[in-house]
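Listed below, chain by chain, are the residues.
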Amino acid sequence: MLTIVNMIRLLGIKLILFITVSPPAFPQSTASLSGRVLDPSGAAIPHAIITLSNPISGFAKRTQAALDGSYSFSNLPLQSYELAAEHRGFVKSRRTVALRSNVPLQQDLTLTLDSDRTTVDVRSTQDGLLVDPADTGTRAQINQSDIERLSLQVGNRGLEAALLTFPGFSQNANGAIHPRGAHNQMTFVVDGMPISDQLTGAFANAVDPSIVQTVELFTGNIPAEYGNKVSAVANVTTRAGAGVGRVLGGTFMVSAAEFDTASTMAQISGEKGKLSYSASLSAMKSNRYLDQVSLDNLHNGGNLERAFTRVDYQPNGRDVFRFHFMAGRSSFQLANLRSQHANGMDQRQGLQDGSLMLGWVRTLSPRSTFDLTASARTAEATLSPSLGDTPVTAEQRRRLTTLTLWNRYNTIQGAHTFKAGFDYQYFPLQERFQFAITDPSFNHPLSDTYIETLLPHDLTRGGSPFQFSRRGAGALYTGFLQDNIKFGRWQLALGLRYDNYRFLVNGNQMQPRIGVSYHLRETNTVFRASYNRTYQTPPNENLLLSSSVEASRLASPVVRAALGGAVSLIRPERQNFFELGLQQALAGRFSVNASFYHKNARDQQDNDNFFNTGIIFPMTLAGIRVNGVEGRVVFPQWRGFSTTLSLTHARAISTPPFTGGLFLGSTAVDALSAGPFVIDHDQKLSLQNVAQYSTRKGYFVTVTTRYDSGLVTNPSDPAEVAADPDYSDLLPYVNLLSAPPRTRPRTIVDIATGYEHKRNDRKLWELTLQTSNLTNRTALFNFQSLFVGTRLVQPRTVGVRLKWFF
C-alpha cells in the first residue's frame, strides 16, 4: 500500500523533474480586486466597510479599509459583482465590477458627504446582476456558505451532491452523476490542478466539500483552456487564509447519524504578513458506506480519512506563490446480495490518493499576468477477495499517477480579455487483476449464454484464475488560445484548442470553441449560442486490461462478431456540441436561465461495472446522440428566504458495437449489440428545488426536494427476476415492461434545520439536525445495469452535527 510518506517522496521527486524544466507555477483561475476609499477631496476614509456580492451565486465578502483607505479582496471567482462602500457621515456608494481574469483590478471608491446628498436614492445595483451578458454558455456557481447549509444526504462524502442542485445532471448511485447524457467524463480543477479521475465513493475518493470556497461550473461552451474530460468542468477554489484577519482561527465539527455513522472535522486558517494558510483534517465511518444492493443493508461498512493544506506566499506586489497538498484514504466492505452474504462473501476495497501542487503567478504589467503550475497526483485502488466469493472471485491492485504542467499568459487590452497556454500531462499506470468463476451454475456449458473462453477460468470445472499484469504510460500535449470580446450589447467568445494524445492509440484534434451572446437591456434579456468541438481522452482506470487481447477473448461471441473477431482499441471520443440559451430577469427579483443542447459523438466513452463492485472497465460504443433541455429559476435572498428550481431533460441514444469492458455474465450486452438503444444516462425529467430560510436570531432551515422520472435499466426478464431471491423483492421499484425498462419515478425530500449562535457578530457554535429521505421512500437508482449494477436510494436517515468556531 502507498503510505503518505512514500507518496510525498514519490510525488516530490517527480515534481522536481518538472520544476527543473520551468519555474514553480500556479494557473490562477481566480481574480483579485483592490483600491482605496476616498472622500470628495481625495483624502482617505479609514475603517470604511466594503462589501462584494453577487445575488445569483450568493457569494459575499466583507472587509474594512485600512488607515490609508486601502482595501483588497483575493481568491475571487470570475463573475460580475456589486461593490459597495459605506461609512457613517457619507452616502453609501455602489457600483458593478466585472472580474473576468486573474489580471489584478484597481477600483477606487469616492464617497460623498451625507450633508451634500440631494436625493435619497440608494438603490442596489444587484438587479442588473440577475443576468450576466458575459456568459456565452451554461455556467453556474455555488459557494461555501450555500454548500454548508444544503440538506445533503446524511453521510455524504463528495462535492457531487452539491452539483446536483444545478440542471444538467442525472443522479446515480454512490455519488455518481451523469453530466448532459454522458456517463461521467467530468474534470475537477482544484486550485488549478486538473483531476479527471472518476470521483465517486466506489471508484475514487471524491473532493471534500468542506475545503471548498467556491465552485464555478461549466456545462456549455467550455472554455478552450479545459480539455481531457469536458462533459462538465468544475473549477474549484479552496478556502484560503488570506483575508481572515488573524493568525489562527478555525472550526471543529462532530456529527453522528443512523447506520452507526460518525464523522469529525478540524479546520484552521490564518495569515501573518505575506504568508497565509489553511488546513483541514476529517474522518468518517459508517455501516452504510455505499448505496446498498438489496433491501437488506448487508456487509456495507467503511471509513474514510482526508487531509488538505494550502499555503499562499506573496513576497511582493508582483508575485504570488502557492503550495497545495491533498490526500485521502478509504477502506470499505463491498455490499452483498443475500446469496453472497449467506455464502460468507467478504470482499473489501481500499482507495488511496495524494496530490501536490506548486504554483507561481507573475504580474507582468497592470494589464497582463503569466502563471504556471506543476502538479502530481497518485491514486491507488485495491480489491481483496475472500473464500466465500460468488459467483466469481476477483482481486485487483492498480495505480495511476498524473503529472501536469500548465502555463498561462493573460492580458486585458481594451474590449479583449485574452488567454493563451501550453499544457503537458504524463500519466504512467500499473494494473494487476485476476478473477475466477466459483459458482457452477454461472456460465454453465448447457446454458444459452455459455461463453467457451471462460471455461479455463472456472474453478468448479478444474480451471485456474485469469491473471493480468501490465504497465504503461501515456502523454497529452495541448495548446490553446481564447479571447473574450465585448462590443456594445454583444459578447463574443473565441477559442481554439489543439490536443495531441499519445498512448495505446495516437490521435490529435483541433477544437474550435465559439460562443456569442446579446444583451437586450430594455427587458434585461440575454440570448446566447455556442458550438464546441471536444476531444475526450479515454478513462485511465483499467484501460490496459480493457484494451488487451486477453480481455477481448473473454467477450461473448456476439460482441466478438460485431468487431470482426479483432481487438479494437479504445479511442478518444470526438464530439460536436451545440447550445442555444436564454437568461431573463423577472420583476427585479427572479433570474431564469434556460438552454437547449444537442451533441453527437463518435467512440462514445462509458464503463462496465464488474459485479456491483468498485471495479470499472472502460469501454466505448460507436457513437451517441443526446438532445437535452434545461432550466433554472433563482430567487435570491429576500428577507431571509431564497429558493432555486432546476429542471433537466435528456434523451441519449447509443449505437454499438461495444469495445473494451469486461462483460462477464451479462446477457444484456448481446441484446444491446443488435442496434441503437437508449442508454442508462437517459432520463425524461429531473426536478430539484432547494428552499432556504434564515432568521436574524440565527435559526435556519433548508429543504431539498428532488424528483427523478427514472433511469434506463437492464432489459431483464420479469419472470427470471421474480424467481431470483436476490432481486425478486425489487420488482415493485422497476418497470421492466416499459420500452425501454426504467426504475420507477421517485421523489426524495431532505431537510436540515439548525441554529447558529453569534456574539458581537462572531460565530461561536452551530447545531444542525438533518434528515435524509424524510418520507422514507424506497427506490432504485438502477437495476442490473451492465454499466452500474443495482443500487438503492438511502432510506430515511437522521443525523445531528455540532460545529464550534474559534
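The structure presented is a predicted model; accordingly, all values stated were derived computationally and were not measured. (Residues numbered from 1 in each chain as written. Predicted model: local features only at pLDDT ≥ 70, side-chain atom pairs only at ≥ 80, totals over all residues. Heavy atoms only, no water.)

A. Representation of the sheet that holds strand 9 (residues 139-143) in the model. Here five strands make up an open sheet; going across it, the order is 9-14-15-12-13 and the pairing mixed. Only two strands of the sheet have a single partner each, and these edge strands are strand 9 and strand 13 (193-195). The mean angle between the axes of side-by-side strands here comes to 20°, regardless of whether they run parallel or antiparallel. As judged from the five bridges shared by strand 12 (residues 186-190) and strand 15 (residues 232-238), these two strands associate in the parallel manner. (Pairing = 2+ DSSP bridges. Helix = DSSP H or I, 4+ residues; strand = E, 2+ residues; numbered from the N terminus. Axes fitted to C-alpha atoms, helices over the stretch in contact; angles between N-to-C directions.)

B. Here's a closer look at the side chain of D371. Position of D371 relative to the elements: it lies in strand 22 (residues 368-384). R408 provides the closest opposite charge to the buried, unpaired D371, separated from it by 5.6 Å. Reaching out from D371, the side chain makes a polar contact with the side chain of N102 at a distance of 2.9 Å. (Buried < 20%, exposed > 50% of the residue type's maximum accessible area, 1.4 Å probe, protein only. Lys, Arg positive; Asp, Glu negative; His and termini not counted. Salt bridge = Lys/Arg side-chain N within 4 Å of Asp/Glu carboxyl O. Polar contact = N/O pair within 3.5 Å; in protein donor to acceptor, adjacent residues only side chain to side chain.)

C. The arrangement of the sheet that holds strand 5 (residues 79-86) in detail. Spatial strand order, 3-2-5-6: four strands in an open sheet with antiparallel pairing. Two strands bound the open sheet, and with one partner strand each, they are strand 3 (60-64) and strand 6 (93-99). Averaged over all pairs of adjacent strands, the angle between their axes in this sheet comes to 20°, without regard to strand direction. Pairing between strand 5 and strand 6: seven bridges, direction antiparallel. Counterpart to A85 in the pairing with strand 6 is S93.

D. Structural context of the environment of V678. Along the chain, V678 falls in strand 33 (residues 677-678). Between the C-alpha atom of V678 and that of A652, which follows or precedes it by 26 residues, the distance is 5.9 Å. When near neighbours in sequence (up to four residues on either side) are disregarded, V678 contacts R651, A652, I653, V712, P740 and R742. (Contact = heavy atoms within 4.5 Å.)

E. Representation of the confidence of the model for the chain. Of the residues in the chain, 92% reach a pLDDT of 70 or more, and the chain-wide mean stands at 89. Helix 1 (residues 4-19) is the least confidently modelled element of the chain, averaging 42 in pLDDT, while strand 26 (residues 490-502) averages 98, the highest of any element. A low-confidence stretch, residues 1-27 (pLDDT under 50), is modelled with 74 contacts involving residues beyond four sequence positions or located in other chains. (pLDDT = per-residue confidence, 0-100.)

F. Quick look at the nonpolar core. By size, the foremost hydrophobic cluster in this structure holds 40 residues, and its most contacted members are F433, F435, Y501 and F610. Of all the secondary-structure elements, those providing two or more residues to this core are strand 22, strand 23 (392-413), strand 24 (416-437), strand 25 (466-487), helix 5 (543-546) and strand 31 (616-638). Broken down by element, the residue count for this core peaks at five residues, all from strand 24. If you look at the next biggest cluster of nonpolar residues, it comprises 33 residues, including A140, I142, A206 and M326. (Core = buried A, V, L, I, M, F, W, Y, C linked by side-chain atoms within 4.5 Å.)

G. Looking closely at the side chain of T261. Residue placement: T261 occurs in strand 17 (residues 261-272). At a separation of 3.0 Å, a polar atom in the side chain of T261 contacts the main-chain carbonyl oxygen of E258.

H. Main features of the pairing of strand 18 (residues 275-286). Residue alternation in strand 18 divides its side chains into a buried set, S276, S278, S280, S282, M284 and S286, and an unburied set, L275, Y277, A279, L281, A283 and K285. Relative to strand 18, strand 17 runs antiparallel, the two being bridged by eleven bridges. Bridging from a neighbouring strand, A262 pairs with K285 of strand 18. Between the antiparallel neighbours strand 17 and strand 18 lie two residues, among them G273 with a positive phi of about 60°. For strand 18 and strand 19 (residues 302-313), the ladder comprises twelve bridges, and the chain directions are antiparallel. When the bridges of strand 19 are listed, A279 appears paired with T309.

I. Seen up close, the packing of aromatic side chains. Tallied over the entire structure, the rule returns 21 aromatic pairs. Note on Y755 and W765: the rings are 5.5 Å apart at their centroids and 65° apart in plane angle, and the pair reads as edge-to-face. Here Y755 is found in strand 38 (residues 746-759), whereas its partner W765 is found in strand 39 (residues 762-772), with ten residues between them in sequence. A relative accessible area of 31% means that W765 is categorised as partly exposed. Among the aromatic side chains, those forming a connected cluster through ring pairs are F433, F435, F466 and F617. Over the aromatic face of F700 sits the side chain of R149, whose NZ or CZ is 3.8 Å from the ring centroid. Taking the ring centre of W406 as reference, the NZ or CZ of R408 above it sits at 4.3 Å. (Phe/Tyr/Trp six-rings, centres within 6.5 Å; stacked < 30°, edge-to-face > 60°. Lys NZ or Arg CZ within 6 Å of the ring centre and 35° of its normal.)

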